[in-house]
Amino acid sequence: MPKQTSRRVVFQPATYLGFQRGINQIVEVIRPTLGPLPRMVAIEPTFRARTPELLDDGGVISRRITELPDRDEDMGAMFIRHVLWRLHEDVGDGTATAAVLFQSIYNRSLRYIVAGGNAMVFRHHLEKGLQLILDRLSGMTTRLDGKRQLAHVAESISHDHELAIVLGEVLDIIGEYGQLQIRTGRRREIEREYVSGAYWGSGLLSREMITDHTRLRTQIDNAAILISDIDIEDPYHLAPVLSAVAHAGIPGLLVIAGGVSERVTALLLVNRTSGKFGTIAVKTPGGIADRPGTLEDLAILTGGRPILKATGETVKGVNLQDLGRARRVWADASGFGIVGGKGDPCALRGRIASLRSALTLAEDGSDRELLRQRIGNLMGGLATLSVGGLMQPEVEARKELAKRTCEALRGVIREGVVPGGGVSLLACRSALQSALGQCTDPDGQAAYRVLIRALEEPTRTIITNAGFDAAEVMSEINAAGGGRGFDVISERVVHMSEAGIWDAAAVQKAVVHRAITATALALTIDVLVHRKKPPQTADNP
Amino acid sequence: MTETPQSQDIVYSIAASPNFRQDGICFAARGAGLSRSEDGGITWQSAYQALNVEDPLMTTSVAVSPDFEADQTVFAGIHGGVLRSVDGGRTWQLAVLPSPPPLVSTIVLSPNFARDGALLVGTFEDGVFLSDDGGGRWQQWNFGLWDMSILSMNISHDFSSDATLFVGTESGVFRSTNGGRSWREINFPADLAPVTSLALSPAYARDGTLFAGTESCGLYCSRNGGESWTQLGKGTVTGAVNALVLSSQFPVEPHVLVATASSLFISRDAGHSWSCARPELPPNRALSAVAAPQGLHATAPLLVGLVGGDTLRV
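Residues numbered from 1 in each chain as written. Chains lettered and ligands numbered in written order. Predicted model: local features only at pLDDT ≥ 70, side-chain atom pairs only at ≥ 80, totals over all residues. Heavy atoms only, no water.

**Side note on the overall build of chain B**
Right, so step 1: Within chain B, the regular secondary structure consists of five helices and 27 strands.
Right, so step 2: Its C-alpha atoms give chain B a radius of gyration of 18 Å, within 12% of the compact-globule value 20 Å for 314 residues.
Right, so step 3: Taking the principal axes of the C-alpha coordinates as reference, chain B spans close to 50 × 45 × 35 Å.
Right, so step 4: A burial count over chain B gives 60% of its 314 residues as buried.
Right, so step 5: Nonlocal contacts in chain B, meaning residues at least 24 apart in sequence, comprise 44% of its contacts between residues at least 6 apart.
Right, so step 6: Roughly 12,100 Å² of accessible area belongs to chain B as shown, and the carbon and sulfur atoms make up 49% of that amount. (Helix = DSSP H or I, 4+ residues; strand = E, 2+ residues; numbered from the N terminus. Rg over C-alpha atoms; globule rule 2.2 N^0.38 Å. Buried < 20%, exposed > 50% of the residue type's maximum accessible area, 1.4 Å probe, protein only. Contact = heavy atoms within 4.5 Å. Areas by Shrake-Rupley, 256 points an atom, 1.4 Å probe, with all protein chains shown as cover.)

Quick look at the structure:
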């Protein structure tokens, strides 16, 4: 039987109209959540007995909308949904700002293009305007330092005072790259814990190796480390290594391996001498894709050589020079740590620098997360945040908020802050005004006008959401002069930087970049092609 | 009784009472223990007599409280711990550092030690340990400090407000702006490391000036908190910079003293020009430490520690 290949094809003006309606529906759902006094959006639960999910995060809200009934509208909705979710994953904040910016630019641009404007030339000028805005934002960026300033920004992002204070301290300590685990806590308040050294979430291969039965972990000082991804089946392969370590007077051996047989486990256990010689075996950390890189990191950190399954080596031929060394190694059921690796610090410095370069080039969110984890591990230190609460939905929401705020704070450390409340975007209007004055092309002039108006949209929305008249307050702000905006908490026009109201510069730049590039792309969509059968509904995490 | 230096001995560091001009008290941390002088460094006695130890207790660092006249507090770094004296170095209490036993390389006290009780020790293999109760309890804080071989450490004079300190390591220089709880690598060229000595301008919070002495590449200065570095004394200050001292009035009085293995160099113009002051050394002796307890005026005495364990007043 032949495959069903027929499609429904939609041309202009139906393309623009359908796409626009879909975009507007998503943005109007997210719009009320912008600002420090957001409205909530209630999402119908999956199961009838459960209460609605109350959300104020644009990224998560857009993710919850998986389908619109009209298929033309659905394509527009899914387009903006994808843009917002990617932004959410990459920088953790700014989705509502991006949504209102996108909508303003798209709707006004569409009006111009439908009236006869050249979409391609218009797009080119939008992108030129984007560069002017990014340059202007860079020019007004201020570096922040210290837990108090970070906590201040955290509070403006999360509107959760307790969480902001803790995250300010934690991010001040772990920095841009440091590892942070966010767990469900047992107590109502938020707790944090710091662990020195590098940590991998790959635990003991046998619980019998636990020597500290109070803390359920085991530790060796000045240990040797066998770094490998090989499944060690034969105890006779490992015995010479163990013997060499013991004869060298080294107090213990950490075996990192793909797996160990019961006989190898028995060999390791039988060779333990209380207080004199320790043995630990843990599973090789990392997934298939990142395992070689992780083993290389371990080797550089500890001064050892990775023994890789792929090269056909076995542990039988390993000698002392192949083993890494560290001041302290420890392991429990869920992971292992290395403190004071004895690798060459200059090689380590080079490794960290190359991973940082790779991070700046990485585009995929999960690749970036993996690279950041690796950098954090090599730099040393792990912080754990335990988030508690009365009910599970509250805890989960707070954990998600902590994660999102943490991402934004990493951006603050990396790139600094700009005045908050949309004021940084208002300040970019003058650069576009100058460009408009010099531009003779009608499509260019239209593009700059659209951008100038769109840059006001986040501030207007914040004001409206807080229950004030946007037109009235905007005229107050414009009269008050540069750097000033509306503090919806104190209900006054204030100098935002002096009042400590900031936005993360990295977030603001990402917001503007995504909103404008996505609009520029959306404006050039002329035809929609539907499959005969609609695709499966998008995953809804 | 004056101590006799042993040939394999070395003076690791020298510290003097802030009131040295009047009380003449100073200490020299040596491979053979800790020496104490009460006459401005002319004669020296063991400060460990009360400990009754049979073998020499290698002491790798010593620091005196900024409020020594009132609190009589001295700290000495040894293998595995820190000794604290609250009677000017006559009797000692041991604070054990967390296992595995670290070897202390340097000790710095908060300029506001009398009030905040904060002090930090750097170690040769285990990074930095902090105490905020005057040396009773210690915690290891090495977030971001991926090179844990600490060779030098210096603290901002405005530590109580800027919480800033620097460490020099095998591979470069790290800065903490939160009192030593976390560290960030600063832009010091890797090929110039190890960094054996560090000195911060007393006005660091305003002028961002710090000096770094290296093991084999001479002396460097940054005037922007470590973002960029320029070499000082090129062709003059060569070899390992074992010690660095800035005038307490720097930059108003821009005097800088550098000790290399064979010479003392002094600059009166923040490092632009240098004059060599080669002290008369006993045969086969090299300079390993220096202190300027009365400042860097032409007539002020210097205390110079040597490989071999001698301490000279020059």
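**Digging into the overall build of chain A**
Right, so step 1: Each helix and strand in chain A was counted, giving 19 helices and 19 strands.
Right, so step 2: Overall size of chain A, expressed as C-alpha extent along the three principal axes, is 85 × 70 × 55 Å.
Right, so step 3: For chain A, the proportion of contacts with a sequence separation of at least 24, taken over those separated by at least 6, is 77%.
Right, so step 4: Counting only carbon and sulfur atoms, one obtains 51% of the accessible surface of chain A, whose full area is about 24,500 Å².
Right, so step 5: For chain A, the separation between the mean place of its 64 positive charges and that of its 62 negative charges on side chains is 2 Å. (Lys, Arg positive; Asp, Glu negative; His and termini not counted. Charge placed at Lys NZ, Arg CZ, Asp CG, Glu CD.)

**Notes on unusual backbone geometry**
Right, so step 1: In this structure, the amide linkage connecting B:Ser99 to the following residue, B:Pro100, adopts the cis form with an omega of -5°.
Right, so step 2: Looking at the secondary structure, you find B:Pro100 in the loop between strand S8 (93–96) and strand S9 (104–109).
Right, so step 3: Cis geometry marks the peptide bond from B:Phe250 to B:Pro251; its omega dihedral reads 5°.
Right, so step 4: By secondary structure assignment, the location of B:Pro251 is in the loop between strand S21 (241–246) and strand S22 (256–260).
Right, so step 5: The backbone of A:Glu491 sits at a positive phi, close to 60°, despite the residue not being glycine.
Right, so step 6: Along the chain, A:Glu491 falls in the loop between strand S16 (484–487) and strand S17 (492–495).
Right, so step 7: Despite not being glycine, B:Ala163 shows a phi value in the positive range, around 50°.

**Observations regarding the sheet that holds strand S13 (residues 150–155) of chain B**
Residue and element names in this part refer to chain B.
Right, so step 1: Strand order in the open sheet formed by four strands is S13-S14-S15-S16, with antiparallel pairing between adjacent strands. Of all strands in the sheet, those bounded by a partner on one side alone are S13 and strand S16 (184–185).
Right, so step 2: Sheet analysis places strand S15 (residues 173–176) next to S16, joined by two bridges and oriented antiparallel. Bridge pairing in S16 places Arg175 opposite Arg184. (Pairing = 2+ DSSP bridges.)

**Remarks on the packing of aromatic side chains**
Two descriptors summarise a pair of aromatic rings, namely the distance from one centre to the other and the angle between the planes of the rings.
All names here are of chain B.
Right, so step 1: Considering all chains together, one arrives at 18 aromatic pairs over all chains under this definition.
Right, so step 2: Between the aromatic rings of Phe188 and Tyr220, the centroid separation amounts to 6.1 Å while the plane-to-plane angle is 85°, which identifies the pairing as edge-to-face. Placement of the pair is Phe188 in the loop between S16 and strand S17 (195–200) and Tyr220 in strand S19 (residues 219–222), with a sequence separation of 32 residues. With respect to burial, Phe188 and Tyr220 carry one shared label: buried. (Phe/Tyr/Trp six-rings, centres within 6.5 Å; stacked < 30°, edge-to-face > 60°.)

**Brief notes about the pattern of salt bridges**
Side chains that carry opposite charge are capable of pairing whenever their charged atoms lie near each other.
Right, so step 1: By the definition in use, this model includes 39 salt bridges over all chains.
Right, so step 2: Its salt-bridge partner being A:Lys342, residue B:Glu125 comes within 2.7 Å of it at the nearest N-O pair. Residue B:Glu125 is located in the loop between strand S10 (119–123) and strand S11 (128–131), and its partner A:Lys342 is located in the loop between strand S13 (336–341) and helix H11 (345–361); the two belong to separate chains.
Right, so step 3: Judged by relative accessible area, which is 35%, A:Lys342 ranks as partly exposed.
Right, so step 4: Residue B:Glu185 pairs with A:Arg356 through a salt bridge whose shortest N-O separation is 4.0 Å. Residue B:Glu185 is found in strand S16, and its partner A:Arg356 is found in helix H11; the two belong to separate chains.
Right, so step 5: B:Glu185 gets classed as partly exposed once you look at its relative accessible area, which sits at 24%.
Right, so step 6: A relative accessible area of 27% places A:Arg356 in the partly exposed class.
Right, so step 7: Here the salt bridges share partners, and the residues they tie into one network are A:Glu28, A:Arg31, A:Arg453 and A:Glu457. (Salt bridge = Lys/Arg side-chain N within 4 Å of Asp/Glu carboxyl O.)

**Focus on the sheet that holds strand S4 (residues 45–46) of chain B**
Right, so step 1: Strand order in the open sheet formed by four strands is S1-S2-S3-S4 (chain B), and the pairing between neighbours is antiparallel. One side of each edge strand has no neighbouring strand; the edge strands of this open sheet are strand S1 (11–16) and S4 of chain B.

**Quick word on the interface of chain B and chain A**
Right, so step 1: With 28 residues of chain B at the contact, the number on the chain A side is 29 residues.
Right, so step 2: When the buried area of chain B at its contact with chain A is split by residue, B:Pro100, B:Phe143 and B:Trp146 rank highest and sum to 32% of it.
Right, so step 3: Our enumeration of links across chain B and chain A arrives at five salt bridges.
Right, so step 4: In the side of chain B that touches chain A, the residues fall into twelve nonpolar, nine polar and seven charged. (Buried area = accessible area lost by both parts, 1.4 Å probe. Nonpolar A, V, L, I, M, F, W, Y, C, P; charged D, E, K, R; others polar.)

**Topic: the domain arrangement of chain A**
Right, so step 1: Partitioning chain A into structural domains gives domain 1 (7–141 + 419–531) and domain 2 (199–343).
Right, so step 2: The straight-line distance from the C-alpha centre of domain 1 of chain A to that of domain 2 of chain A is 52 Å. (Domains from an automatic or database assignment.)

**With respect to a nonpolar patch on the surface**
All names here are of chain A.
Right, so step 1: Nonpolar side chains collect at one region of the surface, where Val9, Phe11, Val527 and Val529 lie side by side and expose about 340 Å² of accessible area between them.
Right, so step 2: For Phe11, the location among the structural elements is in the loop between strand S1 (7–10) and helix H1 (14–30).
Right, so step 3: On the accessibility criterion, Phe11 (52% relative accessible area) is exposed. (Patch = residues over 30% accessible without salt bridge, like charges linked within 9 Å, V, L, I, M, F, W, Y side chains within 5 Å.)

**Here's the deal with the packing of helix H4 (residues 95–114) of chain A against helix H17 (residues 457–465) of chain A**
Two quantities define a packed helix pair, namely the angle between the helix axes and the distance between the axes.
All names here are of chain A.
Right, so step 1: Where H4 meets H17, the closest approach of the two axes is 9 Å, and the angle between their N-to-C directions is 120°. As far as their axial angle goes, H17 and H4 are oblique. Crossing of H4 against H17: the hand is right-handed. Only Glu457, Pro458 and Thr461 of H17 make contact with H4, whose side of the interface consists of Thr97, Val100, Leu101 and Ser104.
Right, so step 2: Classifying every residue of the contact of H4 with H17 gives three nonpolar, three polar and one charged. (Axes fitted to C-alpha atoms, helices over the stretch in contact; angles between N-to-C directions. Parallel < 35°, antiparallel > 145°, perpendicular 65-115°, else oblique. Left-handed = near helix turned anticlockwise from the far one by under 90°.)

**Some points on the environment of A:Arg349**
Right, so step 1: One can find A:Arg349 in helix H11.
Right, so step 2: Apart from the residues within four sequence positions on either side, A:Arg349 is in contact with B:Trp146, B:Ser171, B:Gly172, B:Glu185, B:Ile186, B:Phe188, B:Pro189 and B:Ala190.
Right, so step 3: A distance of 2.5 Å separates a polar atom in the side chain of A:Arg349 from the backbone oxygen of B:Ser171. (Polar contact = N/O pair within 3.5 Å; in protein donor to acceptor, adjacent residues only side chain to side chain.)

**Let's talk about the packing of helix H5 (residues 119–139) of chain A against helix H15 (residues 429–438) of chain A**
Residue and element names in this part refer to chain A.
Right, so step 1: Closest axis-to-axis distance for the H5/H15 pair is 9 Å, and the angle between their directions is 140°. On the basis of the axis angle, H5 is oblique to H15. The two elements H5 and H15 cross, and the hand of that crossing is right-handed. Along the contact surface, H5 presents Gly129, Leu132, Ile133 and Arg136, while H15 presents Ser430, Ala431, Leu432 and Ala435.
Right, so step 2: Split into classes, the residues belonging to the contact of H5 with H15 amount to five nonpolar, two polar and one charged.

**A few points about the nonpolar core**
Residues and elements named next belong to chain A.
Right, so step 1: In this structure, Leu226, Ile338 and Leu385 are the most contacted members of the largest nonpolar core, which totals 180 residues.
Right, so step 2: With eleven residues, helix H19 (residues 505–523) is the largest single contributor of residues to this core.
Right, so step 3: Viewed by domain, this core spans two of them, domain 1 (7–141 + 419–531) and domain 2 (199–343), each represented by three or more residues. (Core = buried A, V, L, I, M, F, W, Y, C linked by side-chain atoms within 4.5 Å.)

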